[in-house]
Amino acid sequence: MVKRKQVKDGDVDMEGTDPRVRAEDSDDEDIDMVNVDFEWFDPQPAVDFHGLKNLLRQLFDTDAIDFDMSALADLILSQPTLGSTVKVDGNESDPYAFLSVLNLQEHQDKPVIQDLTRYLHRKAQSTPSLAPLANLLSQSPPPPIGLILTERLINMPSEVVPPMYTMLQEEIAWAIEDKEPYNFSHYVILSKTYEEVESKLDQEAARPQKKKKKSAESGVERFYFHPEDEVLERHALCSGSVSYDHLADEGLSDSKRAFQELGIRTGGSLMLLEGGKLEGAVKDMAEYMRGGA
């Protein structure tokens with residue numbers, strides 16, 4: 001039986017970012033509002049495979065080709081009482097967002113987890129700020145590390161995220177009571193960042209009036225795709241940005257150039273949290289989404 005998750009008062013506040021789609025006419029006089037109701041569900045193996053696989057590809061970006069995304073989606077769906085999906089058209093529709101956690105120790109014999117662990121270890125080794133993560137992943141067998149995977153469609157409001165993390169904490173607590181292997185010593189959160197780069201189109205057009213931004217020239221200023229990552233990093237034992245192994249084709253940054261002069265180049269982000277720090281991070285995240293500091 002499908003379980004629709006209950007969102008308790010205070011778990012999510014859409015004030016200021018009402019989950020509605022607004023359409024304006026050319027005169028900016030008439031505004032049409034389309035109500036969208038978000039619902040949280042347990043992952044459903046019978047209906048979520050393709051939608052989840054697409055979100056995983058989006059999360060791993062150009063490096064997704066190095067992993068068996070079908071196997072990864074199946075593994076997430078094999079633990080349907082852990083994690084959440086967010087939908088707008090009922091349970092039979094595709095998820096617009098998801099969050100789950102995988103035990104790197106428990107699944108260490110699975111090829112997709114072996115590939116992921118090697119990938120994460122290599123990225124952490126190449127980033128000085130991620131040395132604690134590299135040390136953990138070098139151990140054999142690995143400690144009980146929870147790999148948190150979460151992604152959403154780009155137009156989804158960030159306010160849907162804190163409830164997913166809150167539900168995850170509750171589900172982990174219930175699983176531990178049932179002697180299931182979810183007592184994590186640490187959590188690794190994989191996410192994405194981006195940096196602004198000068199548009200290739202502008203270079204080709206040789207427009208002298210356009211000035212380069214210093215951050216685009218240096219390539220050091222990075223931005224969060226997901227605002228909750230800023231909060232999570234405050235609680236992290238270590239964090240850092242990592243480059244993808246596979247470079248995007250030239251011109252892809254321009255395809256992500258909507259409403260701004262600069263193009264966008266995406267990169268990966270890794271955060272390591274001690275197991276006991278997740279609860280405080282989630283509370284701060286919810287406050288941040290409500291407009292707190």
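Residues numbered from 1 in each chain as written. Predicted model: local features only at pLDDT ≥ 70, side-chain atom pairs only at ≥ 80, totals over all residues. Heavy atoms only, no water.

- With an unreviewed UniProt entry as reference, the chain is termed Protein BCP1, source organism Aspergillus candidus.
- A UniProt comment under Sequence similarities (unreviewed entry) is attached to the chain, and it reads "Belongs to the BCP1 family." (UniProt positions renumbered as here; feature names shortened; annotations may be inferred.)

1. Here we look at the pairing of strand β7 (residues 145-152)
Piece 1. Extensive coverage of β7 is indicated by the burial of eight of its eight residues.
Piece 2. Of the two faces of β7, the one holding Ile145, Leu147, Leu149 and Glu151 and the one holding Gly146, Ile148, Thr150 and Arg152 are both buried throughout.
Piece 3. Where strand β6 (residues 97-103) and β7 come together, seven bridges link them in antiparallel fashion. What sits directly across from alanine 97, in β7, is arginine 152.
Piece 4. Where β7 meets strand β8 (residues 186-197), five bridges bridge the pair, whose relative direction is parallel. Following the sheet pairing, isoleucine 145 is matched in β8 by histidine 186. (Buried < 20%, exposed > 50% of the residue type's maximum accessible area, 1.4 Å probe, protein only. Helix = DSSP H or I, 4+ residues; strand = E, 2+ residues; numbered from the N terminus. Pairing = 2+ DSSP bridges.)

2. A few points about the packing of helix α2 (residues 69-77) against helix α3 (residues 111-125)
Piece 1. Contact geometry for α2 and α3: axes closest at 9 Å, N-to-C directions at 105°. Here α2 is positioned roughly perpendicular relative to α3, judged by the angle of their axes. Contacts between α2 and α3 involve Ala71, Leu72 and Leu75 from the former and Val112, Ile113 and Leu116 from the latter.
Piece 2. Here the residues of the contact of α2 with α3 are counted per class, giving six nonpolar, no polar and no charged. (Axes fitted to C-alpha atoms, helices over the stretch in contact; angles between N-to-C directions. Parallel < 35°, antiparallel > 145°, perpendicular 65-115°, else oblique. Contact = heavy atoms within 4.5 Å. Nonpolar A, V, L, I, M, F, W, Y, C, P; charged D, E, K, R; others polar.)

3. Thoughts on α3
Piece 1. Across its 15 residues, α3 extends 21 Å between first and last C-alpha, which sits within 8% of the 21 Å expected from 1.5 Å per residue.
Piece 2. Burial in α3 covers these residues: Val112, Ile113, Leu116, Thr117, Tyr119, Leu120, His121, Lys123 and Ala124. (Expected span 1.5 Å × (residues − 1).)

4. Describing unusual backbone geometry
Piece 1. At the junction of serine 140 and proline 141, the peptide bond is cis and its omega measures out at 0° in the coordinates.
Piece 2. Secondary-structure assignment places proline 141 in the loop between α4 (131-137) and β7.
Piece 3. Positive phi, close to 55°, is recorded for aspartate 61, a residue that is not glycine.
Piece 4. Here aspartate 61 lies in the loop between α1 (49-60) and α2.
Piece 5. Aspartate 61 sits in the buried class, given a relative accessible area of 16%.

5. Describing empty space enclosed by the protein
Piece 1. Evaluated as defined, the whole model comprises two cavities of 30 Å³ or more.
Piece 2. Of the pockets and cavities examined, the second largest cavity occupies roughly 30 Å³.
Piece 3. Lining the second largest cavity, in full, are Leu59, Phe60, Tyr119, Leu190, Ser191, Tyr244 and Gly268.
Piece 4. Mapped onto the lining of the second largest cavity, the elements with two or more residues apiece are α1 and β8.
Piece 5. Here the lining of the second largest cavity is built from residues that sort into five nonpolar, two polar and no charged. (1 Å grid on protein atoms, 1.4 Å probe; cavity = no way out; pocket = protein on both sides within 12 Å on 5 of 7 lines; lining within 4 Å. Points joined across faces, edges and corners; volume = space filled by probe spheres on them.)

6. Here we look at the packing of aromatic side chains
Piece 1. With the rule as written, the count across this model stands at six aromatic pairs.
Piece 2. Taking 5.3 Å as the distance between ring centres and 50° as the angle between the ring planes, the aromatic pair formed by phenylalanine 60 and phenylalanine 67 counts as tilted. The exposure classification of phenylalanine 60 matches that of phenylalanine 67, with both residues buried.
Piece 3. Ring pairs connect the aromatic residues Phe60, Phe67 and Tyr119, which therefore count as one cluster.
Piece 4. One cation-aromatic arrangement involves lysine 87 over phenylalanine 41; the distance from NZ or CZ to the ring centre is 5.7 Å.
Piece 5. We note lysine 192 situated over the ring of phenylalanine 225; from NZ or CZ to the ring centre the distance is 5.2 Å. (Phe/Tyr/Trp six-rings, centres within 6.5 Å; stacked < 30°, edge-to-face > 60°. Lys NZ or Arg CZ within 6 Å of the ring centre and 35° of its normal.)

7. Quick notes on the nonpolar core
Piece 1. Core analysis: the largest hydrophobic core is formed by 38 residues, its most contacted members being Leu56, Phe60, Leu72, Leu133, Leu149 and Leu270.
Piece 2. When sequence neighbours within four positions are dropped, the list of residues in contact with leucine 56 reads Met69, Leu72, Ala73, Ile76, Phe98 and Leu149.
Piece 3. Core analysis: the next-biggest nonpolar cluster, separate from the first, contains 32 residues, Phe38, Val160, Leu168 and Ile172 among them. (Core = buried A, V, L, I, M, F, W, Y, C linked by side-chain atoms within 4.5 Å.)

8. Quick word on the environment of histidine 235
Piece 1. Assignment of secondary structure puts histidine 235 in the loop between α8 (228-234) and β10 (238-242).
Piece 2. Along the sequence, histidine 235 and glutamate 274 sit 39 residues apart, while their C-alpha atoms lie 8.7 Å from each other.
Piece 3. For histidine 235, the contacting residues outside a window of four places in its chain are Leu273, Lys277, Gly280, Ala281 and Asp284.
Piece 4. Polar side-chain contacts of histidine 235 include one of 2.7 Å to the side chain of aspartate 284. (Polar contact = N/O pair within 3.5 Å; in protein donor to acceptor, adjacent residues only side chain to side chain.)

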